[in-house]
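Single-letter residue listing:
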Amino acid sequence: MAIHPSTKLLGILADNVMIEKILQSMAFRKFGFPKVPPLNLTIGLTNTCNSRCLTCNIWKKSSENDLSLNELDKIFQNIGPTLEWLILSGGEPFLRKDIVEICASAYKYCKPSIIVIPTNGILFNIIPKKVEEILKKCPKSRVTINLSLDGLNQKHDEIRNIKGNWELAIKTFNSLKKLKKYKNLELGIHTVISKLNYKEIPELYAYVKNILKPDEYITEIAEKRVELETLDLEHSPDYKEYSYAINFLSNELKKQKLSIKQLFRLKYYNLVKVWLKKHTQILPCYGGFASAQIAQNGDVWPCCVRADVLGNLREENYNFKKIWFNKKAKEVRKSIKNKECSCPLASASYINLMCDQKTIINICFNFLGEKLKCMH
């Protein structure tokens with residue numbers, strides 16, 4: 001019996017986003033059951049950072065109470081093998097001397113399909129060695145290293161507020177490219193689009209595409225977050241400013257043979273544009289349902305924008321599940337479901353897109369269209 005093209009498409013999607021788990025998350029949000037852990041978990045390993053970005057104040061926060069490796073080990077054991085995406089964030093994650101051991105513990109107990117680590121790239125003599133160790137210890141996870149570049153040369157240094165940051169970041173990137181012999185490494189460039197750099201995005205993109213040639217080039221919008229202590233900063237671009245940058249990037253993407261991942265990226269870019277006009281939830285938000293964050297001090301949040309404290313892991317004997325399903329979490333989920341908040345947070349927005357039926361159907365048809373174009 002012939003297999004319908006759409007069935008093949010769903011098979012391709014299932015390899016990347018675990019259809020069964022997404023359906024469970026959708027039911028959890030709609031009906032309250034089955035009660036499932038998050039698909040996407042971000043862990044803030046430390047607030048300490050060796051950049052002084054004009055778009056982020058996390059480096060001003062204390063890191064005296066960072067979760068230890070032993071504590072993270074207990075948390076990972078409690079969560080178990082349920083995660084699809086694990087983001088190890090900061091601050092600068094590679095300032096944690098035990099980052100290799102942290103990744104190994106997460107891999108052992110949680111078995112994430114994807115481990116994402118953003119970095120400013122300043123520690124050029126440390127990062128490549130650590131990444132190689134992580135790749136060896138997590139062979140069945142796709143390890144994505146996203147190097148932050150917010151402008152070319154001096155512009156990048158101005159935004160990062162560290163002289164020589166650009167040079168060190170490029171040195172790190174070139175060293176990481178030598179690790180492409182490891183099949184589980186994905187090397188990306190990440191840009192935060194703000195009022196400070198939206199005009200320079202075309203020039204930066206040309207350099208990234210033609211010179212650096214990463215596996216992926218991704219962007220997100222600068223926003224006000226409790227986590228980053230940026231509620232008082234006026235760094236977020238308005239609709240016109242963001243559109244200047246993102247329309248260019250979208251048009252560049254459309255010139256390529258688009259993968260499913262890139263089709264999702266186009267959807268995210270447009271979603272942010274719509275949000276900048278309406279400032280309401282454009283799609284049902286799965287923060288607190290399929291997405292979560294653990295702060296460096298053990299607080300569990302539904303997301304890093306609202307940063308509602310659902311509970312503290314140290315106070316609950318590192319029992320993530322107990323906090324995830326407690327009364328406070330239920331109250332916050334109700335608030336999110338009632339659209340009492342909205343934001344364009346990238347990590348949560350991609351989950352929202354993956355849990356939206358209309359988006360999935362649209363992307364299936366678009367992907368099929370891309371395949372048909374290639375056949376002709």
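Structural data are supplied above this passage.
Since we're looking at a predicted model, the values are computed, not measured.

Caption draft 1: Structural view of empty space enclosed by the protein. Applying the stated rule across the entire model yields 3 cavities of 30 Å³ or more. Lining the largest cavity we find 13 residues, and of these Gln 281, Ile 282, Leu 283, Cys 343 and Asn 352 sit closest to its centre. Those elements that place two or more of their residues in the lining of the largest cavity are α10 (260-278) and α13 (346-354). Among the residues making up the lining of the largest cavity, the classes are represented as 8 nonpolar, 5 polar and no charged. Approximately 80 Å³ is the volume found for the second largest cavity. Residue lining of the second largest cavity: Cys 285, Gly 287, Cys 303, Val 305, Arg 306, Ile 336, Cys 341, Ser 342, Cys 343 and Ala 348, and that is the complete set. Classifying every residue of the lining of the second largest cavity gives 7 nonpolar, 2 polar and 1 charged.

Caption draft 2: Broad picture of the environment of Leu 135. Here Leu 135 shows up in helix α5 (residues 127-137). Residues Leu 135 and Gly 32, spaced 103 residues apart in sequence, show a C-alpha to C-alpha distance of 37 Å. Once residues lying within four places of it in the same chain are set aside, the contact partners of Leu 135 are Val 143, Leu 179, Tyr 182, Asn 184 and Leu 185.

Caption draft 3: Structural context of the packing of helix α9 (residues 239-254) against α10. Relative to each other, α9 and α10 sit at 165 degrees, their axes nearing to 10 Å. Classified by the angle their axes make, α9 and α10 are roughly antiparallel. The handedness of the crossing between α9 and α10 comes out as left-handed. Between α9 and α10, the contacting residues are Tyr 239, Tyr 242, Ser 243, Ile 246, Asn 247, Leu 249, Ser 250, Leu 253 and Lys 254 on the first element and Gln 262, Arg 265, Leu 266, Tyr 269, Val 272, Lys 273, Leu 276 and Lys 277 on the second.

Caption draft 4: The pairing of strand β6 (residues 216-221), seen in detail. Among the 6 residues that make up β6, 6 are buried, leaving the element largely enclosed by the rest of the structure. Here 6 bridges tie strand β5 (residues 185-193) to β6, and the two strands are oriented parallel to one another. If you follow Ile 189 over to β6, its bridge partner there is Tyr 217. Each parallel crossover has a hand, and for β5 linked through helix α8 (residues 201-212) to β6 it is right-handed.

Caption draft 5: Structural view of helix α4 (residues 99-110). Spanning 12 residues, α4 covers 16 Å between terminal C-alpha atoms, matching the ideal 16 Å at 1.5 Å per step. For α4, the set of buried residues is Ile 99, Val 100, Ile 102, Cys 103, Ser 105, Ala 106, Tyr 107 and Cys 110. One or two steps after α4, the chain reaches Lys 111, where phi turns positive at roughly 50 degrees.

Caption draft 6: Up close: the side chain of Ser 291. Assignment of secondary structure puts Ser 291 in strand β7 (residues 291-294). Note on Ser 291: relative accessible area 4%, which makes it buried.

Caption draft 7: Just the packing of aromatic side chains, in detail. Counting across every chain of the model gives 11 aromatic pairs. On the basis of an interplanar angle of 55 degrees and a centroid distance of 5.4 Å, the ring pair of Trp 166 and Tyr 207 is categorised as tilted. In this pair, Trp 166 is assigned in helix α7 (residues 165-177) and Tyr 207 in helix α8, connecting sequence segments 41 residues apart. Taking relative accessible area as the criterion, Tyr 207 reaches 24% and is therefore assigned partly exposed. These aromatic residues form a ring-pair network of at least three members: Phe 28, Tyr 286, Phe 289 and Phe 325. In this structure, Arg 29 is placed above the aromatic ring of Tyr 286, and the distance from its NZ or CZ to the ring centre is 5.5 Å. A cation sits over an aromatic face here: Lys 171 above Phe 124, 4.5 Å from the ring centre.

Caption draft 8: Geometry of the pattern of salt bridges. Tallied over the full model, the rule gives 17 salt bridges. Between Lys 195 and Glu 241 there is a salt bridge; the shortest N-O distance is 2.9 Å. A residue pair is termed long-range when its members are at least 10 positions apart, and Lys 195 in the loop between β5 and α8 and Glu 241 in helix α9 qualify at 46 residues. With a relative accessible area of 35%, Lys 195 lands in the partly exposed category. Looking at Glu 241, the relative accessible area reads 14%, which means it is buried. Linking Arg 225 and Glu 227 is a salt bridge whose minimum nitrogen-to-oxygen distance equals 3.6 Å. Where salt bridges share partners, they join Arg 142, Glu 186, Glu 216, Lys 261 and Arg 265 into one cluster.

Caption draft 9: A look at the sheet that holds strand β2 (residues 85-89). Spatially, 9 strands are ordered β6-β5-β4-β3-β2-β1-β7-β8-β9 in an open sheet, and the strand pairing comes out mixed. Bordering the open sheet on either side are β6 and β9 (311-312), each of which pairs with just one other strand. Note: β7 against strand β8 (residues 299-301), 2 bridges, orientation antiparallel. Looking at β8, one finds that Ile 294 is bridged to Val 300.

Caption draft 10: Here's a closer look at the pairing of β2. Counting buried positions along β2 gives 5 out of 5 residues, so the element sits mostly inside the fold. Here β2 shows two buried faces, one formed by Trp 85, Ile 87 and Ser 89 and the other by Leu 86 and Leu 88. Where strand β1 (residues 40-44) lies against β2, 5 bridges are found, and the strand directions are parallel. Looking at the pairing, Ile 43 lines up with Leu 88 of β2. Assessed by its sense of winding, the connection that carries the chain from β1 through helix α3 (residues 69-79) to β2 is right-handed. Judged from the 3 bridges that link them, β2 and strand β3 (residues 114-119) form a sheet pairing that is parallel. Residue pairing in the sheet places Ile 87 in a bridge with Val 116 of β3. For the crossover that starts at β2, traverses α4 and ends in the parallel β3, the hand is right-handed.

What counts, and where the lines are drawn
Numbers given for residues are sequential positions, taken from 1 along each chain in its written order. In view of the model being predicted, local features appear only for residues whose pLDDT reaches at least 70, and side-chain atom pairs are presented and counted only at 80 or more, with totals across whole chains, interfaces and linings using the full set of residues. Neither water nor hydrogens contribute to the side-chain values; these are computed over all heavy atoms in the structure. The way it works is a 1 Å grid over only the protein atoms, where trapped points that fit a 1.4 Å probe form a cavity and open points with protein on both sides within 12 Å along at least five of seven lines form a pocket, and then any residue with an atom within 4 Å of a point lines it. Grid points are joined across faces, edges and corners, and a volume is the space filled by probe spheres set on the points. Secondary structure is summarised from DSSP: a helix means a run of H or I of at least four residues, a strand means a run of E of at least two, and numbering begins at the N terminus for each. Each residue gets one label: Ala, Val, Leu, Ile, Met, Phe, Trp, Tyr, Cys and Pro are nonpolar, Asp, Glu, Lys and Arg are charged, and the others, such as Gly, are polar. Every residue pair with non-hydrogen atoms within 4.5 Å of one another is taken to be in contact. The angle between two axes is taken between their N-to-C directions and runs from 0 to 180 degrees, where each axis is a line fitted to C-alpha atoms and a helix contributes only its stretch in contact. Any angle from 65 to 115 degrees is called roughly perpendicular, while one under 35 is roughly parallel, one over 145 is roughly antiparallel, and all others are oblique. Each crossing gets its handedness from the near helix: less than a right angle anticlockwise from the far helix is left-handed, clockwise is right-handed. Burial classes follow relative accessibility: with a 1.4 Å probe on protein chains only, a residue under 20% of its type's maximum area counts as buried, one over 50% as exposed, and anything between as partly exposed. Here a strand pair is declared whenever DSSP counts at least two bridges between the two strands. By convention a crossover is right-handed if, when the strands point away from the viewer, the path from the first strand over the helix to the second runs clockwise. Here the expected length of a helix is defined as 1.5 Å per residue gap, with one fewer gap than residues. Classification of ring pairs uses Phe, Tyr and Trp, with its six-membered ring standing for Trp, and accepts pairs whose centres are within 6.5 Å; under 30 degrees between planes counts as stacked, over 60 as edge-to-face, and the remaining range as tilted. Distance and angle both matter: a charge sits over a ring if NZ of Lys or CZ of Arg is within 6 Å of the ring centre and within 35 degrees of the ring normal. By convention in these notes, a salt bridge is any Lys or Arg side-chain nitrogen within 4 Å of a carboxyl oxygen on Asp or Glu.

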